[in-house]
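Structural features, examined
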Amino acid sequence: MSKEERLKMDERRAMETPNDRRNFLVQGAAATAGLFAAGSVMGQQPETASISDADVAGPQSDDGYPRMHPGLGGPIGSPTDRGKLVSGLRNPGLPPVNVVAPDLTTTSGKMVDGVREFHLRATPVRREVLPGIWMNAYGYNDQFPSPVLELYQGDRVRIVFKNELPEPTSLHSHGLELPVYMDGVPGVTQSLIQPGDTFVYEYDVHQEGTYFLHSHVAMQEAIGMVVPFIIHPKVAYNPVVDRDFVLVTQQFSMMPHADIPNTQSMDWNFITANGRCGPFTTPLVCKLGERVRIRFINYSTLHQHPMHLHGHTYWVTGTEGGRIPEPAWVPGNTVILGVAQARDVEFIANNHGDWVLHCHMFHHMMNHMVSQVGPIIRQEKNKAGFEVPGFPQMMSSAKWSKEELHRITSRRETQGMREGWYHGVKGLFTVLRVLPPELYDKVMHTNDPIPPNSSTPLNPPPGIQTL
């Protein structure tokens with residue numbers, strides 16, 4: 001059987017589930033020629049280095065791996081084992097795709113006399129972590145977390161840094177091998193940058209991978225000051241990825257009737273991904289068959305996060321020290337992120353539907369972990385459940401107003417999800433949406449209405465759950 005025939009067979013198998021894929025195709029999803037680019041779509045950034053027809057390698061990139069449905073691929077240890085070295089749909093030799101950071105902005109700075117220059121301002125920030133719940137924190141360029149900075153291995157980088165906080169600060173380049181006077185540690189390598197002052201950090205970058213910048217004043221770190229700092233290789237690694245996501249995890253103690261985190265607390269009650277708690281986190285959206293990279297950065301104050309992805313097996317391909325050699329890659333579906341660590345994972349998105357991605361520490365899978373306070377109080381004191389030993393504390397799902405619920409469900413990246421999906425997304429949760437190309441294009445590049453339950457059916461198809 002030829003590779004082209006295998007690809008067609010995979011496509012047929014993906015379309016032959018009991019629901020006939022009517023939900024996934026959504027009545028044809030409109031002709032591709034009629035689609036228009038949406039620029040910036042709500043929480044997900046535009047595809048600044050997206051896949052064009054000329055970039056796509058086509059059927060020859062499949063290598064026999066089941067790209068359109070789940071499967072192990074080759075035997076253990078082979079290049080196609082669980083998709084390990086199965087390339088994305090892009091042609092090799094191209095520059096890497098730009099990262100997508102849901103709910104954040106990204107920038108590659110500008111070239112000034114051969115130097116890649118970024119301008120950062122340390123600023124107070126007000127951030128809505130859940131609809132109607134605001135937190136006052138510190139950030140950069142009036143954002144929390146900071147905009148994602150993208151650059152390339154071999155660049156000389158210049159960061160023009162201005163302190164607009166009411167107190168002194170500094171900026172440390174975490175994990176970067178640079179001159180000691182650029183390390184940003186107050187007293188040890190430089191003087192504190194006073195309010196209103198500017199300091200220029202400039203150095204050559206010979207590394208690549210997932211890094212971050214942060215204040216080196218502990219209480220400022222605890223109130224949120226982190227900058228994702230992504231260093232791409234000049235030419236994309238093989239196997240090439242089609243989609244490259246960034247997620248920054250943080251945790252805060254913000255007690256009742258307060259909107260400022262307690263930076264001295266050894267406890268917490270809000271955990272965010274890119275500055276939001278689930279279900280306010282914007283889903284990660286990709287196409288069925290693409291190779292996907294997710295870059296995790298844990299900037300929490302206290303806790304590790306075992307980040308678990310449903311429906312897929314990924315390979316751990318990088319740390320905060322850069323790319324891991326291929327023989328040392330580890331397969332799994334849960335990767336532990338220690339505090340101040342980064343982990344890159346890669347996989348073929350060959351299982352269509354909406355898959356949750358979350359921390360597996362149970363208390364981290366909830367919002368607003370405070371007894372008897374706020375929207376988590378159970379109003380019914382005499383529920384029968386209270387007669388059962390072990391019935392949880394006086395906590396239940398938040399009661400959203402119609403306006404708050406609309407803010408969660410009206411985002412373009414959530415269109416077509418199962419009715420009521422937000423009831424199962426809490427705390428350090430987000431969703432990876434793996435969509436057939438037609439539905440992906442309709443979701444991300446049109447404003448067409450998409451019926452609920454288009455990507456994950458409301459009920460199991462007939463015959464699935466028979467006794």
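Below is a short write-up of the structure. Owing to the predicted nature of the structure, the values given are computational and were not obtained by experimental measurement. (Residues numbered from 1 in each chain as written. Predicted model: local features only at pLDDT ≥ 70, side-chain atom pairs only at ≥ 80, totals over all residues. Heavy atoms only, no water.)

Looking at the sheet that holds strand β15 (residues 305-309)
The sheet built from 5 strands is open, its strands ordered β13-β22-β21-β15-β19 with mixed pairing. At either end of the open sheet lies a strand with only one pairing partner, and these are β13 (284-287) and β19 (334-337). Taken over all neighbouring pairs, the strand axes of this sheet differ in orientation by 20° on average, direction set aside. Bridging between β15 and β19 involves 4 bridges; their strand directions are antiparallel. Bridge assignment links P306 to a residue of β19, and that residue is I336. Across the sheet, helix α5 (residues 437-445) is in contact with β13 and β22 (429-435); its angle to β13 comes to roughly 140°. (Pairing = 2+ DSSP bridges. Helix = DSSP H or I, 4+ residues; strand = E, 2+ residues; numbered from the N terminus. Axes fitted to C-alpha atoms, helices over the stretch in contact; angles between N-to-C directions. Contact = heavy atoms within 4.5 Å.)

A short note on the packing of aromatic side chains
Overall, the coordinates contain 6 aromatic pairs when judged by the stated rule. Ring geometry for W421 versus Y422: centroids 6.0 Å apart, planes at 75°, classification edge-to-face. Judged by its relative accessible area of 15%, Y422 falls in the buried class. One aromatic cluster is present, built from ring pairs that chain together Y140, F161, F199 and Y201. Over the aromatic face of F280 sits the side chain of R276, whose NZ or CZ is 4.0 Å from the ring centroid. (Phe/Tyr/Trp six-rings, centres within 6.5 Å; stacked < 30°, edge-to-face > 60°. Buried < 20%, exposed > 50% of the residue type's maximum accessible area, 1.4 Å probe, protein only. Lys NZ or Arg CZ within 6 Å of the ring centre and 35° of its normal.)

Quick look at the environment of P166
Within the secondary structure layout, P166 lies in the loop between β6 (156-163) and β7 (172-174). According to the relative accessible area criterion, P166 is exposed, its value standing at 64%. Linking P166 and P195, residues 29 residues apart in sequence, is a C-alpha distance of 5.8 Å. In this structure P166 touches Y138 and P195, once residues within four positions along its chain are discounted.

Overview of the sheet that holds strand β10 (residues 226-232)
Here 5 strands make up an open sheet; going across it, the order is β1-β5-β10-β9-β7 and the pairing mixed. In this open sheet, the two edge strands, each paired with only one partner strand, are β1 (106-107) and β7. Where β1 and strand β5 (residues 148-152) come together, 2 bridges link them in parallel fashion. The partner of T107 across the bridge, within β5, is L149.

What about the pairing of β22?
Counted residue by residue, β22 has 7 buried out of 7 residues, so it is predominantly covered. In the sheet, strand β21 (residues 353-359) pairs with β22 via 6 bridges, with the strands oriented antiparallel. Its bridge partner being in β22, G353 is matched across the sheet by V434.

Section: the pairing of strand β16 (residues 314-319)
Burial analysis of β16 places 5 of its 6 residues in the buried class, which makes it a mostly covered element. Examined bridge by bridge, β16 and strand β18 (residues 330-332) share 3 bridges and lie antiparallel to one another. When the bridges of β18 are listed, W315 appears paired with P331. Strand direction decides the pairing type here: β16 and strand β20 (residues 342-348), joined by 4 bridges, are antiparallel. Its bridge partner lying in β20, W315 is registered against E346.

Details of the environment of P195
In this fold, P195 is placed in the loop between β7 and β8 (198-204). Each C-alpha atom, one on P195 and one on P168, is 5.7 Å from the other, the two residues being 27 residues apart in sequence.

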